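As a plain string of letters, each chain reads:
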Amino acid sequence: MVVLADGSPSPAREARADGQPRRGGPVGVLVDEPGRGRLLLDCGLGVTTRAAFAGLSLVGVTVLPTGPGPDRRDPGIPPRALVDVAAGDPPPAGVLVLPAGGDEVALLVDTTRGVLLHCPAEGPLPAATVAALPARVVPTVPLAPAVRAQLAGVTLLAPVPPGRRVLVTGGARSGKSRLAEQMFAGRDGVVYLATGVPASADDPEWSARVALHRGRRPATWSTVETADAAAVLAAPGRPSPAGSAATPVSDAPAAGSAAGEAGRAVLFDCVGTWLTAAMDAAGLWAVTEAGGPAADAADAALARAVDELVAAWAATAADVVAVTNEVGSGVVPATVAGRRFRDELGQLNARLAQAADEVWLCTAGVGQRIR
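The structure displayed is predicted, hence computed values, not measured ones.

Asks: Before we move on, can you summarise the side chain of Thr-324 with the specific residues and values?
Replies: Mapped onto the fold, Thr-324 is located in the loop between β15 (319–323) and α10 (336–354). Judged by relative accessible area, Thr-324 falls into the buried class, the value being 0%. A polar contact of 2.6 Å, which involves the side chain of Thr-324, links it to the side chain of Asn-349. Residues in contact with Thr-324, not counting those within four places in the same chain, are Leu-167, Val-168, Thr-169, Gly-170, Lys-176, Val-271, Gly-272, Leu-345 and Asn-349.

Asks: Explain the pattern of salt bridges residue by residue, including any values.
Replies: Counting across every chain of the model gives 13 salt bridges. Through salt bridges that share partners, Arg-164, Arg-165, Asp-357, Glu-358 and Arg-369 make up one connected network.

Asks: Report on α10, specifying residues and quantitative values.
Replies: Compared with an ideal rise of 1.5 Å per residue, which puts 19 residues at 27 Å, α10 spans 27 Å between its outermost C-alpha atoms and is within 8% of the ideal. What α10 keeps buried is the set Phe-341, Glu-344, Leu-345, Leu-348, Asn-349, Leu-352 and Ala-353. Along α10, the residues classed as buried sweep out an arc of 165° about the axis, all on the same side.

Asks: Hey, could you go over unusual backbone geometry for me, with residue numbers and the actual values?
Replies: Here the residue pair Gly-123 and Pro-124 is connected by a cis peptide bond, since its omega of 0° sits within 30 degrees of zero. Tracing the backbone shows Pro-124 in the loop between β7 (114–118) and α2 (127–132). In the segment running from Asp-269 into Cys-270, the intervening peptide bond is cis, with an omega of 5°. One non-glycine residue, Arg-173, adopts positive backbone phi at about 55°. Tracing the backbone shows Arg-173 in the loop between β10 (165–170) and α4 (176–183). Phi angles above zero are rare outside glycine, and Ala-364 is one such case at about 50°. Residue placement: Ala-364 occurs in the loop between β16 (358–363) and β17 (366–369). Judged by relative accessible area, which is 72%, Ala-364 ranks as exposed.

Asks: Help me get a handle on the packing of helix α7 (residues 271–281) against α10, residues and values and all.
Replies: Axis separation between α7 and α10 bottoms out at 10 Å; the angle between their running directions is 125°. Looking at the two axes, α7 sits oblique to α10. In this structure, α7 crosses over α10, and the sense of that crossing is right-handed. Residues Val-271, Gly-272, Trp-274, Leu-275, Thr-276 and Met-279 of α7 pack against Arg-340, Phe-341, Glu-344, Leu-345, Leu-348, Asn-349 and Leu-352 of α10. When the residues that make up the contact of α7 with α10 are grouped by side-chain class, the tally is eight nonpolar, three polar and two charged.

Asks: Can you tell me about the sheet that holds β7, naming the residues and giving the values?
Replies: Spatial ordering of the open sheet is given by β5-β6-β7-β8-β9, a layout of five strands whose pairing is mixed. Only two strands of the sheet have a single partner each, and these edge strands are β5 (95–99) and β9 (155–156). Taken together, the five bridges between β5 and strand β6 (residues 105–111) define a ladder with antiparallel strand orientation. Across the sheet, Val-97 pairs through a bridge with Leu-107, a residue of β6.

Asks: Quick one: what's the story with the sheet that holds strand β2 (residues 27–33), residue by residue and with numbers?
Replies: Across the sheet, four strands lie side by side as β1-β2-β3-β4; this open sheet has mixed pairing. The sheet terminates laterally at β1 (2–6) and β4 (62–64), the two strands that pair on one side only. Each neighbouring strand pair of the sheet contributes to a mean axis angle of 20°, computed without reference to strand direction. Where strand β3 (residues 37–41) lies against β4, three bridges are found, and the strand directions are parallel. Residue pairing for β4: Leu-41 is matched across the bridge by Leu-64.

Criteria and thresholds
- Residues numbered from 1 in each chain as written.
- Predicted model: local features only at pLDDT ≥ 70, side-chain atom pairs only at ≥ 80, totals over all residues.
- Heavy atoms only, no water.
- Helix = DSSP H or I, 4+ residues; strand = E, 2+ residues; numbered from the N terminus.
- Buried < 20%, exposed > 50% of the residue type's maximum accessible area, 1.4 Å probe, protein only.
- Polar contact = N/O pair within 3.5 Å; in protein donor to acceptor, adjacent residues only side chain to side chain.
- Contact = heavy atoms within 4.5 Å.
- Salt bridge = Lys/Arg side-chain N within 4 Å of Asp/Glu carboxyl O.
- Expected span 1.5 Å × (residues − 1).
- Arc of directions from axis to C-beta.
- Axes fitted to C-alpha atoms, helices over the stretch in contact; angles between N-to-C directions.
- Parallel < 35°, antiparallel > 145°, perpendicular 65-115°, else oblique.
- Left-handed = near helix turned anticlockwise from the far one by under 90°.
- Nonpolar A, V, L, I, M, F, W, Y, C, P; charged D, E, K, R; others polar.
- Pairing = 2+ DSSP bridges.

Shown next as structure tokens:
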């Protein structure tokens, strides 16, 4: 959730010429939610400009104005992006529309960070709306005094500070891992999330690769080897959940630092090896060509794992740099399993990129920001 404008009026707009109070300033809150896309709750005058200065693209957003007027809806909003819930248009999945008095509405948005209450209305709210609120909500913008006074029985939670999510993609030996490491240069306490197969004497070439990566990491970094990347991304500021697959390896500092303290950083290397392990855990390699119920069950298991990873990526409060592989630009794999992996990774990369703050492409050791 990114608050682009919270409705606060400028001093020059606090009163009209006749002495009556003016409506607040522009309102706009951007919400990224896995499975439901990107929602812009209100889009008052100047919100798109603020998004541009913040480096946020509004391409493909769905705009949900909660009332009329330039503080809620910029006349320049493209009609195709506008869902007029106040006028009765059906809201997107996960969004509940509640009357807020007059021609205004309030929105309840179910997210991975909690239920958001988006209510720029001056209030008071209808009694039925107050009764429909859950016990705990996260206000997206400051509530008007008349509204806040009505919510004595509702716990108002502070929003979870968003982390910074950066996706680095590139081909084999393109320098993408080194670029990702440079993005955390000078930062202590970085958690290196290694999702590949652990080093083994049975595979000296792979062991040499692992040793090369370990040798580049500062001594103040810790390493977690696990296929449960979602658990690591979802646990910033507190220990990893009991029973999670995340276990510190020998080059990590004291146990517990891997789980991190508030504001920690995670280098996720890499998405491709994570997907390999997820496809293996789903039993997909064995049934890719066979089809039938077993293949359907494997497909469903993989889809759940991917959805869980994307949700954790979108909701994490850590600063995360994730490394992935660009596998769709070369020779088409000769096997069904190889083509399936290529397609699955391409689709996963696109979903992670959609929820990322930055996307970088690394080619011949040169990184270029592409979004």
